[in-house]
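Here's the letter readout for the chains.
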Amino acid sequence: MSEAQGKLTIHTKQRGAELGDLFGIFFEDLNHAADGGLYAELVRNRSFEFDPIDHPDFHALTNWEKVERGGGQAELRIEDSQPMNERNRHYAVITIRMAGDGVGIANSGFNSGIPVRVGEDYRFSFYARRNESFSEPVRIAIESKAGVVHGETTVVVDSSEWRKYEAVISVDETNYSSRLTITTGGSGSLYVDMVSLFPLRTFLGRTNGLREDIATLLAELKPKFMRFPGGCLVHDGSLNPDDRNSMYRWKNTIGPVEQRPSRRNNWRYNQTLGLGYYEYFQFCQDIGAKPIPILPGGYDPHHKRIVPIDELGPWIDDALDLIEFANGDLSTEWGAIRAELGHPEPFGLEYIGIGNEEVGEPFFERYSYFHQAIKAKYPTMKIINSSGPFAAGGEYERGWQSARENGSDLVDEHYYQSPEWFLANFDRYDGFKADEPKVFLGEYASWGNTYYNALAEAAFMIGLERNAHAVGLACYAPMLCNVDYVNWKPDLIWFNNHEVFGTANYYVQKLFMHHQGDRLLRIEASGFEKPQGIEAKPINGAIELGTDASSVIYSNVRIVNNDSGEERTFTGWTAELSDTEKARLAGTAKQSAHLCVTDWTNYTLSMTAKRTDGPRGFVISFGCADDDNRLFWEISGWQNQDSMISSRVNGRNSCLTQSLFTVENDVTYELALEVSGRQIRSYINGKLIHDTEDKLPLIQPIYCSSSVDDNFGDTIVKVVNMQDVAVYADIAFEDLPEAGGRRVESYELSGHSLKDENSFEQPQKIVPVQRDFSFEGSSFLHEFPAHSVTVFRVKMPVV
Ligand code: AHR
């Protein structure tokens with residue numbers, strides 16, 4: 001081994017901030033994370049409630065088809081006149097015209113079909129009733145698409161009232177594309193609802209349980225907490241809890257599954273709510289994660305639905321009742337309900353979040369009412385406020401301001417950025433204060449699931465850990481993705497209907513969760529080279545004026561060199577652009593116009609801009625090297641409510657700052673963009689709207705942190721080497737008790753190309769390797785390979 005290039009000194013007696021519940025997980029039912037994912041139900045559209053409100057292609061018979069065998073003929077229709085209950089109104093009616101070899105219905109499940117495995121048992125259940133002329137037994141079978149039976153049973157429907165029938169089906173063949181058939185003969189009508197098929201093998205064998213393989217992968221992370229049930233899914237919806245598209249109201253999600261309403265999920269599908277609050281709490285307990293529920297705050301920023309302040313009572317009661325449901329004793333109304341559902345012991349709720357990614361004053365006005373009511377009744381409950389969907393800017397600041405004013409315990413920050421942004425912002429929390437609300441980094445990810453993304457996130461997580469005085473909680477998002485129903489990527493874990501794998505990002509999270517430690521230890525890096533960076537290049541290059549889905553006109557364009565005073569006026573130059581659907585259909589769409597290329601490093605670009613048509617607005621690109629590398633100022637953006645400055649590196653966008661702004665048609669705006677080095681300011685009608693810096697990534701010679709695990713006394717050291725060469729370092733421990741020799745558990749992620757990814761074919765391509773060793777005295781020399789993450793656990797007691 002070469003000589004040490006530097007030294008890491010771990011001061012084992014100098015303890016810093018508590019690490020508490022720092023690293024956890026985020027669950028949202030998007031990408032079919034619950035239905036068709038973690039929730040082990042195999043029947044899709046089990047209660048015939050799919051509806052075009054969920055998705056324009058959906059209807060009550062989505063994933064169902066009629067079965068007519070050997071000359072059989074039947075009529076299949078959906079009715080709702082005599083429902084099994086008011087919340088589950090639709091059911092299927094099979095009227096037998098000609099029995100043949102059997103008639104009925106078949107369900108095709110999620111993905112390629114219903115996955116079953118040889119030797120395993122499946123619990124079938126349905127609610128059914130019959131009319132007077134119906135008397136035949138009903139055959140339930142799991143079959144291949146070609147009709148080969150893998151397992152079957154028979155039930156006798158003997159009542160004209162809705163009743164539940166159950167049976168266990170043993171399967172004699174593995175088939176991941178099978179279907180469930182319900183067939184019968186004779187004559188008359190059979191009425192069917194709530195058709196369900198679960199593997200008996202669920203996580204910990206629970207009924208209405210979770211898919212064992214996915215749940216196990218989550219449990220194996222050993223997260224300190226789980227945030228649920230979302231995401232945008234929490235607050236995207238109407239105000240009436242009985243509406244199909246209501247916001248996520250937890251009281252709808254507990255109790256018998258057949259009495260839970262179907263919900264339109266804002267990710268454009270149907271949510272059964274079979275995985276509801278009771279199951280979330282139970283799962284958190286099962287995997288040793290503290291539950292962190294997020295409740296809507298009476299405001300939907302996506303559709304501007306706002307509960308009047310004097311009608312906020314039931315929303316606040318939802319929060320108070322949830323705390324009682326989780327923690328109340330059996331003498332309380334909601335504690336008793338919990339016990340009735342099967343869990344007399346409290347779930348031990350410590351945190352509650354109000355709002356998700358909230359923007360706009362109406363939310364923050366309402367937040368105070370929640371905060372005061374919760375603190376008045378539950379003073380020790382830790383309350384999480386929200387700071388919008390971006391890393392900086394007006395709404396981010398508004399969230400922090402509200403948190404300070406209200407005394408929120410934590411502030412939920414969200415950002416999805418390029419890996420380069422994460423590297424450039426490794427020190428983001430260095431200046432945050434210990435006596436302020438703590439950061440809950442409730443959603444973050446770099447764009448991608450490659451080894452490079454995982455490394456960049458690891459470096460950033462070192463920064464989170466080192467700032468545990470200010471950062472209380474952090475979780476990667478989104479967590480789960482069904483490969484056939486992708487709403488969002490990257491994701492931590494990918495699955496289909498029978499396989500699952502953790503990404504490289506997953507294994508980084510796992511390392512940090514397994515080896516979080518309880519308290520920071522002081523660690524010093526000395527003797528290493530200076531950080532390496534892309535030379536501090538200024539923001540210059542091409543400038544383009546553009547639009548997004550709208551028609552706009554730019555004129556009076558000029559650019560002034562703020563160093564020399566030189567001015568370039570584009571007299572008579574106007575850009576009339578149209579990117580509307582109409583223009584696209586007519587073949588006349590033009591999205592952007594090239595203005596000029598500049599090598600100035602300190603300049604102001606100004607213009608007037610008007611939108612004449614369309615839902616969005618202006619896009620001013622600057623510092624453009626090519627389509628994939630540039631900065632841009634968008635005015636209006638998604639839902640015409642933002643002004644944002646973003647940087648795009650290698651095709652991946654990072655929003656640097658965002659503020660609220662709405663563009664109106666036929667109004668002329670004076671826009672000015674001031675660029676000085678890497679500092680960017682922008683003005684609308686003379687008013688400063690953004691002031692931000694596009695930081696370039698600096699690669700530290702080594703990223704490191706240290707902590708102590710109080711349970712075992714272990715000293716933990718984490719090191720990320722982002723460089724493309726190995727780093728040799730002396731690892732020295734100050735104040736270690738005398739010992740003859742010490743064992744070190746060492747876990748290392750290394751040896752991969754930056755583009756490598758795990759996949760269904762190679763699920764374990766990128767996983768940490770454990771190599772233990774011992775050392776004598778108080779230090780050892782170690783080679784940290786190029787592009788690696790290393791965790792040492794120096795074991796106590798002495799070997
Ligand atoms: O994690 C995916 C989505 O990203 C979440 O629903 C939302 O909160 C954020 O915008």
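Residues numbered from 1 in each chain as written. Predicted model: local features only at pLDDT ≥ 70, side-chain atom pairs only at ≥ 80, totals over all residues. Heavy atoms only, no water.

**So, unusual backbone geometry**
For the peptide bond that leads from Ala 477 to Pro 478, omega is -20°, which places it in the cis range. One can find Pro 478 in the loop between strand E24 (471-476) and strand E25 (480-482). Of the consecutive residues Lys 489 and Pro 490, the connecting peptide bond is found in the cis state with omega at 10°. The residue Pro 490 is located in the loop between E25 and strand E26 (493-495) in this model. Positive phi values are uncommon outside glycine, yet Asn 45 reaches one of about 65°. (Helix = DSSP H or I, 4+ residues; strand = E, 2+ residues; numbered from the N terminus.)

**Concerning the side chain of Ser 408**
Here Ser 408 shows up in the loop between helix H7 (394-406) and strand E22 (410-417). The class of Ser 408 is buried, set by a relative accessible area of 5%. Side-chain polar atoms of Ser 408 contact the side chain of Asn 385, separated by 3.3 Å. If near-sequence neighbours (up to four positions away) are discounted, Ser 408 is found in contact with Tyr 367, His 371, Ile 383, Asn 385, Ser 402, Ala 403 and Pro 437. (Buried < 20%, exposed > 50% of the residue type's maximum accessible area, 1.4 Å probe, protein only. Polar contact = N/O pair within 3.5 Å; in protein donor to acceptor, adjacent residues only side chain to side chain. Contact = heavy atoms within 4.5 Å.)

**Overview of the sheet that holds strand E2 (residues 23-26)**
Strand pairing within a sheet occurs via backbone hydrogen bonds; the two strands may be parallel or antiparallel. Here we have eight strands rolled up into a closed barrel, ordered E2-E14-E17-E20-E21-E22-E23-E24, and parallel in their pairing. Direction aside, the axes of adjacent strands within the sheet are offset by 25° on average. Across the face of the sheet, helix H3 (residues 277-287) comes into contact with E2, strand E14 (225-228) and strand E17 (290-295) while running at roughly 165° to E14. Across the face of the sheet, helix H6 (residues 361-377) comes into contact with strand E20 (351-354) and strand E21 (382-386) while running at roughly 180° to E21. (Pairing = 2+ DSSP bridges. Axes fitted to C-alpha atoms, helices over the stretch in contact; angles between N-to-C directions.)

**So, the site of the ligand**
Surrounding the ligand, one finds Glu 28, Leu 30, Gly 231, Cys 232, Trp 267, Asn 356, Glu 357, His 414, Tyr 416, Glu 443, Pro 478 and Trp 488. Here an oxygen atom of the ligand and a side-chain polar atom of Glu 443 are 2.6 Å apart. Surface burial for the ligand is 94%, taken as the share of its 280 Å² of free accessible area covered by protein chains. Here the residues of the shell around the ligand sort into six nonpolar, three polar and three charged. (Near = heavy atom within 4 Å. Areas by Shrake-Rupley, 256 points an atom, 1.4 Å probe, with all protein chains shown as cover. Nonpolar A, V, L, I, M, F, W, Y, C, P; charged D, E, K, R; others polar.)

**Some remarks on the pattern of salt bridges**
A side chain of one charge can pair with a side chain of the opposite charge when the charged atoms of the two come close. One pass over the full model with this rule turns up 55 salt bridges. Residue Arg 89 pairs with Glu 86 through a salt bridge whose shortest N-O separation is 2.5 Å. Where Asp 579 meets Arg 584, a salt bridge forms, and the shortest distance between an N and an O atom there is 3.2 Å. Looking at Arg 584, the relative accessible area reads 46%, which means it is partly exposed. Here the residues in one salt-bridge network are Asp 709, Asp 714, Arg 743, Glu 745, Asp 772, Arg 793 and Lys 795, joined through shared partners. (Salt bridge = Lys/Arg side-chain N within 4 Å of Asp/Glu carboxyl O.)

**Overview of the pairing of E20**
Here E20 shows two buried faces, one formed by Tyr 351 and Gly 353 and the other by Ile 352 and Ile 354. Strand direction decides the pairing type here: E17 and E20, joined by two bridges, are parallel. In the strand pairing of E20, Leu 295 is matched with Ile 354. Note: E20 against E21, three bridges, orientation parallel. Its bridge partner being in E21, Tyr 351 is matched across the sheet by Lys 382.

**Quick look at helix H9 (residues 451-466)**
The end-to-end C-alpha separation of H9 is 23 Å, in line with the 22 Å expected for 16 residues at 1.5 Å each. The buried fraction of H9 is high, at 15 of 16 residues. (Expected span 1.5 Å × (residues − 1).)

**Comments concerning the pairing of strand E36 (residues 618-626)**
The buried fraction of E36 amounts to seven of the nine residues, a majority that puts the element mostly inside the structure. In terms of strand pairing, strand E30 (residues 541-547) meets E36 through five bridges, oriented antiparallel. Bridged to Thr 547 within E36 is Phe 618. Summarising the sheet, E36 and strand E37 (residues 629-636) pair through six bridges and their orientation is antiparallel. The residue bridging Phe 622 from the neighbouring strand is Leu 631, located in E37. Between E36 and E37, which pair antiparallel in sequence order, lie two residues.

**Comments concerning the domain arrangement of the protein**
In terms of domains, the protein is made up of domain 1 (6-15 + 698-797), domain 2 (23-33 + 204-516), domain 3 (64-201) and domain 4 (541-693). One C-alpha centre belongs to domain 1, the other to domain 4, and the line joining them spans 46 Å. (Domains from an automatic or database assignment.)

**Observations concerning the packing of helix H4 (residues 313-327) against helix H5 (residues 333-340)**
Viewed as axis vectors pointing N to C, H4 and H5 meet at an angle of 50°, and their least axial separation amounts to 7 Å. Looking at the two axes, H4 sits oblique to H5. Like other packed secondary-structure pairs, H4 and H5 cross with a definite hand, here right-handed. Between H4, through Asp 321, Glu 324, Phe 325, Ala 326 and Asn 327, and H5, the contact on the second element is made entirely by Glu 333, Trp 334, Gly 335, Ile 337 and Arg 338. Residues that form the contact of H4 with H5 fall into these classes: four nonpolar, two polar and four charged. (Parallel < 35°, antiparallel > 145°, perpendicular 65-115°, else oblique. Left-handed = near helix turned anticlockwise from the far one by under 90°.)

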